[in-house]
Amino acid sequence: QVQLVESGGGLVQTGGSLRLSCAASGSFVLFSIYHMGWYRQAPGKQRELVAQLTGGGKTNYADAVKGRFTISRDNAKNTVYLQMNSLKPEDTGVYYCNAAKPAFVTGRDYWGQGTQVTVSS
């Protein structure tokens with residue numbers, strides 16, 4: 001049973017930094033080829049993609065975070081990270097880790113339980 005567990009959220013002032021981690025537990029032998037992503041959901045808003053790192057190493061960022069956030073992964077540790085710098089109040093929300101299967105893989109996607117990020121002005 002694969003589980004994604006996020007950590008690293010918290011309260012930070014505008015301009016500060018946080019590093020989120022998402023560790024995959026269980027038998028996740030295909031972790032290295034899954035597309036790993038971070039999504040966020042602000043109160044009253046829909047969940048949105050923040051950043052994604054494919055199994056092939058391509059990155060995709062939301063326009064609002066380009067130049068401030070960096071996604072990375074350590075396949076040996078089955079872990080994905082999100083380094084968030086120059087944080088703004090509009091970055092506040094619950095951040096969710098997602099593991100999306102490639103099209104050629106039979107299986108399912110996975111979600112973490114979320115970690116709260118609050119940026120004070």
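Residues numbered from 1 in each chain as written. Predicted model: local features only at pLDDT ≥ 70, side-chain atom pairs only at ≥ 80, totals over all residues. Heavy atoms only, no water.

(A) Structural view of the overall build of the chain. What the chain contains, in helices and strands, is zero helices and eleven strands. Against the 2.2 N^0.38 benchmark of 14 Å for 121 residues, the chain shows a C-alpha radius of gyration of 14 Å, consistent with a compact globule. Expressed as lengths along the three principal axes of its C-alpha atoms, the size of the chain is roughly 45 × 25 × 25 Å. Summarising the internal contacts of the chain: among those between residues at least 6 apart in sequence, 56% fall at separations of at least 24. Accessible surface, the chain: about 6,400 Å² in total, of which carbon and sulfur atoms supply 48%. Mean positive and mean negative side-chain charge positions of the chain (12 and 7 charges, respectively) differ by 3 Å. (Helix = DSSP H or I, 4+ residues; strand = E, 2+ residues; numbered from the N terminus. Rg over C-alpha atoms; globule rule 2.2 N^0.38 Å. Contact = heavy atoms within 4.5 Å. Areas by Shrake-Rupley, 256 points an atom, 1.4 Å probe, with all protein chains shown as cover. Lys, Arg positive; Asp, Glu negative; His and termini not counted. Charge placed at Lys NZ, Arg CZ, Asp CG, Glu CD.)

(B) Highlighting the packing of aromatic side chains. The final tally for this structure, using the stated rule, is five aromatic pairs. Plain terms: the ring middles of Tyr34 and Tyr110 are 6.3 Å apart, the flat faces sit at 40° to each other, and that makes the pair tilted. Taken together, the positions of Tyr34 in the loop between strand E3 (18-25) and strand E4 (35-41) and Tyr110 in strand E10 (residues 110-111) put the pair 76 residues apart, joining distant regions of the chain. The structure contains a cluster of three or more aromatic residues connected by ring pairs, namely Phe28, Phe31, Tyr34 and Tyr110. Note that Arg19 overlies the ring of Tyr81, its terminal NZ or CZ placed 4.0 Å from the centroid. Here Arg47 stacks its cationic end above the ring of Trp111, 4.7 Å away from the centre of that ring. (Phe/Tyr/Trp six-rings, centres within 6.5 Å; stacked < 30°, edge-to-face > 60°. Lys NZ or Arg CZ within 6 Å of the ring centre and 35° of its normal.)

(C) Expanded view of the nonpolar core. The biggest cluster of nonpolar side chains holds 30 residues, and the ones touching the most others in it are Phe28, Trp38, Leu82, Met84 and Tyr95. Elements with a minimum of two residues in this core: E3, E4, strand E5 (48-53), strand E7 (69-74), strand E8 (79-84), strand E9 (93-100) and strand E11 (115-120). In terms of residue count, E3 provides more of this core than any other element does, four residues in total. Once you skip the residues sitting within four places of it in the chain, Tyr95 turns out to touch Glu6, Leu20, Trp38, Tyr39, Arg40, Val50, Phe69, Leu82, Met84, Gly114, Thr115 and Val117. (Core = buried A, V, L, I, M, F, W, Y, C linked by side-chain atoms within 4.5 Å. Buried < 20%, exposed > 50% of the residue type's maximum accessible area, 1.4 Å probe, protein only.)

(D) Highlighting a nonpolar patch on the surface. On the surface, Val29, Leu30, Ile33 and Phe104 cluster together into a nonpolar patch covering about 410 Å² of accessible area. In this structure, Phe104 sits in the loop between E9 and E10. For Phe104, a relative accessible area of 67% puts it in the exposed group. (Patch = residues over 30% accessible without salt bridge, like charges linked within 9 Å, V, L, I, M, F, W, Y side chains within 5 Å. Salt bridge = Lys/Arg side-chain N within 4 Å of Asp/Glu carboxyl O.)

(E) Summary view of the environment of Trp38. Tracing the backbone through its elements, the reader meets Trp38 in strand E4. On the accessibility criterion, Trp38 (0% relative accessible area) is buried. A distance of 3.5 Å separates a polar atom in the side chain of Trp38 from the backbone oxygen of Tyr81. (Polar contact = N/O pair within 3.5 Å; in protein donor to acceptor, adjacent residues only side chain to side chain.)

Read these as spatial facts, not as claims about activity.
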